[in-house]
Amino acid sequence: MIELDNRTSLNVDEQFLEKIASTFTDKEIELIITSKDEIKEINKEHRNIDAPTDVLSFPYEDMPMSPLGSIVISSEHVKEVSKDLGHTQDDELALLFIHGLLHLLGFDHEVDSGEMREEEARLIKEFNLPKSLIIRTQG
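Residues numbered from 1 in each chain as written. Predicted model: local features only at pLDDT ≥ 70, side-chain atom pairs only at ≥ 80, totals over all residues. Heavy atoms only, no water.

(A) Focus on helix H3 (residues 75-85). The set of residues buried in H3 consists of Ser75, His77, Val78, Val81 and Ser82. Each buried residue of H3 sits inside an arc of 155 degrees when the element is viewed along its axis, so together they form one side. Those residues of H3 that are exposed and angled more than 90 degrees off the buried face are Lys83 and Asp84. Residue Gly86 follows H3 closely and has a positive phi angle near 75 degrees. (Buried < 20%, exposed > 50% of the residue type's maximum accessible area, 1.4 Å probe, protein only. Helix = DSSP H or I, 4+ residues; strand = E, 2+ residues; numbered from the N terminus. Arc of directions from axis to C-beta.)

See the structure below:
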């Protein structure tokens, strides 16, 4: 189940994101859609990177009945990239949600041997989405 905190005017297809999440977990996921300025502040506070980003993930401690974690997505990024790449905002939001969800599940493309990229590619095909964040940045 997704607990949506949409702090912007971006339209969110919660049913589609729920369908994606349910392929992996029945735990609650907090999804925050926010501005470029706020995600920059969060990135600086939690990662010591003073720059906006597209998506951040914060896994929670794995305990019975606990949520899986939080995903924070920049609405401006969704709008800009979807326009630049010629796909829908729903598609871009879904791609970033998948990326964040995989991080919550323990995948890490910065240190793995391609497992996260493979899982993203599988989900892209399953949900008929355009190229993912990792795939479009790594070839």
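(B) Layout of empty space enclosed by the protein. Evaluated as defined, the whole model comprises 1 cavity of 30 Å³ or more. Put simply, the largest cavity is a space of about 30 Å³. Every residue along the wall of the largest cavity is listed here: Asp13, Phe16, Leu17, Asp90, Leu93 and Ala94. Among the secondary structure elements, those contributing two or more residues to the lining of the largest cavity are helix H1 (14-22) and helix H4 (89-104). With 3 residues, the single largest contributor to the lining of the largest cavity is H4. The residue makeup of the lining of the largest cavity, split by class, is 4 nonpolar, no polar and 2 charged. (1 Å grid on protein atoms, 1.4 Å probe; cavity = no way out; pocket = protein on both sides within 12 Å on 5 of 7 lines; lining within 4 Å. Points joined across faces, edges and corners; volume = space filled by probe spheres on them. Nonpolar A, V, L, I, M, F, W, Y, C, P; charged D, E, K, R; others polar.)

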